[in-house]
Amino acid sequence: MYIIMLGAPGSGKGTIGTEICKHYNLTHLATGDIFREEIKNQTELGKEAEKYISQGKLVPDEITIKLVEKQLDELDGAVLDGFPRTIEQASALDSYLNSKGKAITAVIDLNVPDEDLVVRTSSRVICSNKTCRAAYNTKFMPSKVEGVCDVCGSALIRRADDVPEIIRNRLKVYHEETEQLINYYREKELLEPIDINIYSETTREDTTAKTFNAIDKRIAE
Ligand code: ADP
Ligand code: ZN
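Analysis parameters
- Residues numbered from 1 in each chain as written.
- Chains lettered and ligands numbered in written order.
- Predicted model: local features only at pLDDT ≥ 70, side-chain atom pairs only at ≥ 80, totals over all residues.
- Heavy atoms only, no water.
- 1 Å grid on protein atoms, 1.4 Å probe; cavity = no way out; pocket = protein on both sides within 12 Å on 5 of 7 lines; lining within 4 Å.
- Points joined across faces, edges and corners; volume = space filled by probe spheres on them.
- Helix = DSSP H or I, 4+ residues; strand = E, 2+ residues; numbered from the N terminus.
- Nonpolar A, V, L, I, M, F, W, Y, C, P; charged D, E, K, R; others polar.
- Buried < 20%, exposed > 50% of the residue type's maximum accessible area, 1.4 Å probe, protein only.
- Pairing = 2+ DSSP bridges.
- Contact = heavy atoms within 4.5 Å.
- Polar contact = N/O pair within 3.5 Å; in protein donor to acceptor, adjacent residues only side chain to side chain.
- Near = heavy atom within 4 Å.
- Areas by Shrake-Rupley, 256 points an atom, 1.4 Å probe, with all protein chains shown as cover.

A. Quick look at the layout of surface pockets. Here the second largest pocket is characterised by a volume of approximately 300 Å³. Forming the boundary of the second largest pocket are 15 residues, of which Arg36, Ile39, Arg158, Arg159 and Ala160 lie nearest the centre. Mapped onto the lining of the second largest pocket, the elements with two or more residues apiece are α2 (31-40) and α3 (44-53). By residue number, the principal contributor to the lining of the second largest pocket is α2, which donates three residues. Of the residues assigned to the lining of the second largest pocket, the class counts are six nonpolar, two polar and seven charged.

Structure, rendered in structure tokens:
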């Protein structure tokens, strides 16, 4: 089973993606997490990716597609979080899955108003432990102990690109490039829109339940 998470930066792709993985026993493939790990280790890939990520730009398709295909080769099903982000990436994924006789089960589109996204992203913290990577929000979804991960006890850190200037650029890139994927997948009848509004108190549990329903419906088809 292959599930794609669509949604702007800060929409909760990682959080809901993690819930889907636990529930359906799938592997979480988050391109942003992979890039951040490569940057931390200052690998060739990391150094290259950092040039783009630090400006809130997309890493070039060629690099990203190669990376994802290599990861997918090792897996039998995944939740794709942060990939595809361009039409180019989406069609590469289609060809890849096709060649393996596999298909996308559902595309979850987390729909959050822009004004909420800036607030959510600027108060986000993530677990520093790479095998955990749990995400929290100091305003809306705090950890039990400040600065400490509920799941594994590691320190919580802020992402280098979660600063207002870069967030604004990431949102711009999202609207210019990634939003086109909504139509792309709607036409393929794979899109499952999930509306979220923090001020109308959509909780993580609500969103998770709605998402599982959408996936279950697809599995039953
Ligand atoms: P967010 O959705 O909050 O922006 P991610 O962790 O998914 O966070 O991505 C962080 C950054 O990593 C992006 O701003 C981009 O620079 C890079 N990145 C992640 N996935 C891709 C992708 N599929 N294509 C190109 N760049 C990517
Ligand atoms: Zn943790």
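B. Geometry of the pairing of strand β1 (residues 2-7). Across the six residues that make up β1, a large majority, six, are buried. Relative to strand β3 (residues 78-81), β1 runs parallel, the two being bridged by four bridges. Within the sheet, the bridge partner assigned to methionine 5 lies in β3 and is aspartate 81. With six bridges connecting them, β1 and strand β4 (residues 104-111) associate as parallel partners.

C. The environment of tyrosine 24, seen in detail. With respect to the element layout, tyrosine 24 can be found in helix α1 (residues 13-24). With relative accessibility at 16%, the residue tyrosine 24 sits in the buried group. Spatially, the C-alpha atoms of tyrosine 24 and proline 193 are 19 Å apart, while their sequence positions differ by 169 residues. Apart from residues no more than four positions distant in its own chain, tyrosine 24 is found in contact with Met1, Phe212, Ile215, Asp216 and Ile219.

D. Spotlight on the side chain of serine 123. Tracing the backbone through its elements, the reader meets serine 123 in the loop between α6 (114-122) and β5 (124-127). At 2.9 Å, the side chain of serine 123 and the side chain of asparagine 137 are in polar contact.

E. Expanded view of the site of ligand 1. Around ligand 1, the surrounding shell holds 20 residues, and the nearest of these are Lys13, Thr31, Lys57, Gly82 and Gln89. Bound to the protein, ligand 1 loses 96% of the 550 Å² it would expose on its own. For the shell around ligand 1, the element with the most residues is α2, which contributes four residues. Partitioned by chemical class, the residues of the shell around ligand 1 number six nonpolar, six polar and eight charged.

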